[in-house]
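Geometric and topological summary
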Amino acid sequence: MSRVIDIADRRIGPGHDVFVIAEIAQAHDGSLGNAHAYVDAVADAGADAIKFQTHIAEAESTPDEPWRVKFSKQDATRFEYWQRMEFTEDQWHGLAAHAKERGIVFLSSAFSFEAVELLERVGMPAWKLGSGEISNLPMIRQMAATGKPLLISSGMSHWDELDAAVRCAEGAGADVAVFQCTTSYPVEPARWGLNVIGDMKARYSGPVGYSDHSATVAAGLGAVALGADLLEVHVVFSKHCFGPDTSSSLTIDELRALKEGATALRTAVQHPVDKDAMADSLGDLHNIFTKSVVARHDLSEGTVLGAGDLSLKKPGTGIPAARWDDVVGKTLRRNVKKNGQIQEQDLG
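Structure report, in brief. Not measured: the values here are computed from a predicted model.

Okay, the overall build of the protein chain next. Within the protein chain one finds 13 helices and 12 strands. The globule rule puts the C-alpha radius of gyration for 348 residues at 20 Å, and the 30 Å found for the protein chain is more than 25% above it. A total of 348 residues make up the protein chain; the buried ones form 48% of that total. Taking as baseline every contact in the protein chain between residues at least 6 positions apart, the subset at least 24 positions apart corresponds to 65%. Computing the positive centroid from 34 side-chain charges and the negative centroid from 47, the protein chain places the two 9 Å apart.

Here it is in structure tokens:
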């Protein structure tokens, strides 16, 4: 398995740009118009992909499914909420086509065999496995059988569960990327788990990402600095939007800042600096900003130089300030005007 994978026309992994996924989930609140508006907004913000969730209530849930948080004032049960979030197959085709027109990758998490079949017909280029599906090995095998990469979130997983999911997907021939994630909405800094990114890189052969619920730009940028190859963040038009994920989401402007920051950080991380070589390249600036030993007042030849005779002033083209002690106590071999640099040949 390669550390680099391909999704649509994007190469993902070390040496390539960070792949930023804007997670819409249910932020559209069942409105197809809102869903299309999000496509345009996240494309304008520079995201590489937009991700929805494909819920088919009858296929994935029962009427007894409990609410994570009872937020909806119009849905009596979570089952009814999932029904209200459903789009038709033609509508999913339309969203995928819109994303392609805007130059971003269309993704949607599947939560049932039927959803996988629908999204395969839509032509989705990779599969996103939500944290709650980590033990759904039959569906992982179904996804892997398509030959497309799997992006696996780990928000509620023990290592053995994640290991099993990765083995299942790779055993069926699929490329895999894994995401550090904490399934908490929102998640506080002490539980971001950025250290796990390094653990995952050591443990698995594919790219490693970070799926964020912090509602901050800082978490994603920290993940990139620590080597994350992909970022997934929830996105809303406003922090005042209705929905269960708003408290853990970024705004469109924050998404833009995240993408720009991630790109800059990736460039920095991929270009390690030799400190001495950098200093050599900045020699002219070094001379401008550093200081030299100069005469505090007019000095006559034969003066035994004391601290009161000397000062440190820019530019640093003479005896450097660090050698002050080498100058004090020496005898001056020539007259030096106030502010004149003391040179090596002036000292006896």
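With that out of the way, let us pick up the environment of Leu-119. Mapped onto the fold, Leu-119 is located in helix H5 (residues 113-122). C-alpha of Leu-119 to C-alpha of Phe-52: the two residues are 67 residues apart in sequence and 11 Å apart in space. Dropping the residues within four chain positions of it, Leu-119 is found in contact with Thr-54, Phe-106, Ser-108, Ser-109, Ala-110, Met-124 and Trp-127.

Strand order in the open sheet formed by 8 strands is E5-E4-E3-E10-E9-E8-E7-E6, with parallel pairing between adjacent strands. In the strand order of this sheet, the two ends are held by strand E5 (105-110) and strand E6 (127-129), each with one partner. Taken pair by pair, the neighbouring strands of this sheet meet at an average axis angle of 25°, ignoring direction. As paired strands, strand E3 (residues 19-25) and strand E10 (residues 230-234) are joined by 5 bridges and run parallel to one another. Within the sheet, the bridge partner assigned to Phe-19 lies in E10 and is Leu-230. Along the sheet face, helix H1 (residues 32-44) touches E3 and strand E4 (49-54) and points at about 155° away from the line of E4. Across the sheet, helix H8 (residues 195-203) lies against strand E8 (176-181) and strand E9 (208-212), angled at about 155° from E8, the strand it touches most.

Right, let's get into the packing of aromatic side chains. Enumeration according to the criterion identifies 11 aromatic pairs in this entry. Judged by centre distance (6.2 Å) and plane angle (40°), the rings of Phe-52 and Phe-106 are tilted. In this pair, Phe-52 sits in strand E4 while Phe-106 sits in strand E5, placing the two residues 54 residues apart along the sequence. Accessibility assignment for this pair places Phe-52 and Phe-106 in one class, buried. Put simply, the rings of Trp-67, Phe-71, Tyr-81, Trp-82 and Phe-242 touch in pairs and so form one group of aromatic residues. The ring of Trp-67 is capped by Lys-70, whose NZ or CZ atom sits 4.9 Å from the centre of that ring. If you follow Lys-128 out to its NZ or CZ, it ends over the ring of Phe-179, 5.1 Å from the centre.

Counting across every chain of the model gives 0 disulfides. The cysteine Cys-168 is free of any disulfide, with Cys-181 supplying the nearest cysteine sulfur at 20 Å. By relative accessible area, Cys-168 is classed as buried at 13%.

The next point concerns the pattern of salt bridges. If the charged atoms of two oppositely charged side chains come close together, the side chains can form a pair. Tallied over the entire structure, the rule returns 22 salt bridges. In this structure, Lys-51 engages Glu-23 in a salt bridge whose closest nitrogen and oxygen atoms are separated by 2.6 Å. With Lys-51 in strand E4 and Glu-23 in strand E3, this pair connects stretches of sequence that are 28 residues apart. Overall, Lys-51 belongs to the buried group, its relative accessible area being 1%. The closest approach of N and O atoms between Arg-266 and Asp-229, which form a salt bridge, is 2.8 Å. Linking Arg-266 in helix H10 (residues 252-269) with Asp-229 in the loop between helix H9 (217-225) and E10, this pair joins segments that are 37 residues apart in sequence. Accessibility assignment for this pair places Arg-266 and Asp-229 in one class, buried. Because the salt bridges share partners, they merge into one network encompassing Asp-9, Arg-10, Asp-48 and Lys-259.

Attention now moves to the packing of helix H6 (residues 137-144) against helix H7 (residues 159-171). When two helices pack together, their arrangement is captured by the angle between the axes and the distance separating the axes. Viewed as axis vectors pointing N to C, H6 and H7 meet at an angle of 35°, and their least axial separation amounts to 8 Å. Between H6 and H7 lies a crossing whose hand is right-handed. Contacts between H6 and H7 involve Leu-137, Ile-140, Arg-141 and Ala-144 from the first element and Ala-164, Ala-165, Cys-168 and Ala-169 from the second. Of the residues in the contact of H6 with H7, the class split is 7 nonpolar, no polar and 1 charged.

Okay, the side chain of Glu-23 next. Using a relative accessible area of 4% as the deciding quantity, one classes Glu-23 as buried. Engagement of the side chain of Glu-23 in a polar contact is seen with the backbone nitrogen of Ala-25, the distance being 3.0 Å. Excluding residues within four positions of it along the chain, Glu-23 makes contact with Lys-51, Phe-52, Gln-53, Glu-232, Val-233, His-234 and Val-235.

Locating Thr-251 in the fold gives a position in the loop between E10 and H10. Leave out the neighbours within four places in its chain, and Thr-251 touches Val-235, Val-236, Phe-237 and Lys-239.

Attention now goes to unusual backbone geometry. For residues that are not glycine, phi is negative in most cases, and the peptide bond is trans in most cases. Omega for the bond connecting Tyr-185 with Pro-186 falls within 30 degrees of zero, at -10°, which places this linkage in the cis form. Mapped onto the elements of the fold, Pro-186 is located in the loop between E8 and H8. Cis geometry is adopted by the peptide bond preceding Pro-315, which originates at Lys-314 and carries an omega value of 5°. Topologically, Pro-315 is positioned in the loop between strand E12 (310-313) and helix H13 (324-327). A positive phi angle, near 65°, is found at Ala-215, a position not held by glycine. Relative to the helices and strands, Ala-215 is located in the loop between E9 and H9. Ala-215 sits in the buried class, given a relative accessible area of 18%. Although it is not a glycine, Asn-339 adopts a positive phi angle of roughly 75°. With respect to the helices, strands and loops of the structure, Asn-339 is situated in the segment after H13.

Thresholds, definitions, all that
- Residues numbered from 1 in each chain as written.
- Predicted model: local features only at pLDDT ≥ 70, side-chain atom pairs only at ≥ 80, totals over all residues.
- Heavy atoms only, no water.
- Helix = DSSP H or I, 4+ residues; strand = E, 2+ residues; numbered from the N terminus.
- Rg over C-alpha atoms; globule rule 2.2 N^0.38 Å.
- Buried < 20%, exposed > 50% of the residue type's maximum accessible area, 1.4 Å probe, protein only.
- Contact = heavy atoms within 4.5 Å.
- Lys, Arg positive; Asp, Glu negative; His and termini not counted.
- Charge placed at Lys NZ, Arg CZ, Asp CG, Glu CD.
- Pairing = 2+ DSSP bridges.
- Axes fitted to C-alpha atoms, helices over the stretch in contact; angles between N-to-C directions.
- Phe/Tyr/Trp six-rings, centres within 6.5 Å; stacked < 30°, edge-to-face > 60°.
- Lys NZ or Arg CZ within 6 Å of the ring centre and 35° of its normal.
- Disulfide = S-S within 2.5 Å.
- Salt bridge = Lys/Arg side-chain N within 4 Å of Asp/Glu carboxyl O.
- Left-handed = near helix turned anticlockwise from the far one by under 90°.
- Nonpolar A, V, L, I, M, F, W, Y, C, P; charged D, E, K, R; others polar.
- Polar contact = N/O pair within 3.5 Å; in protein donor to acceptor, adjacent residues only side chain to side chain.

These results come straight from atomic positions and should not be treated as a statement about function.
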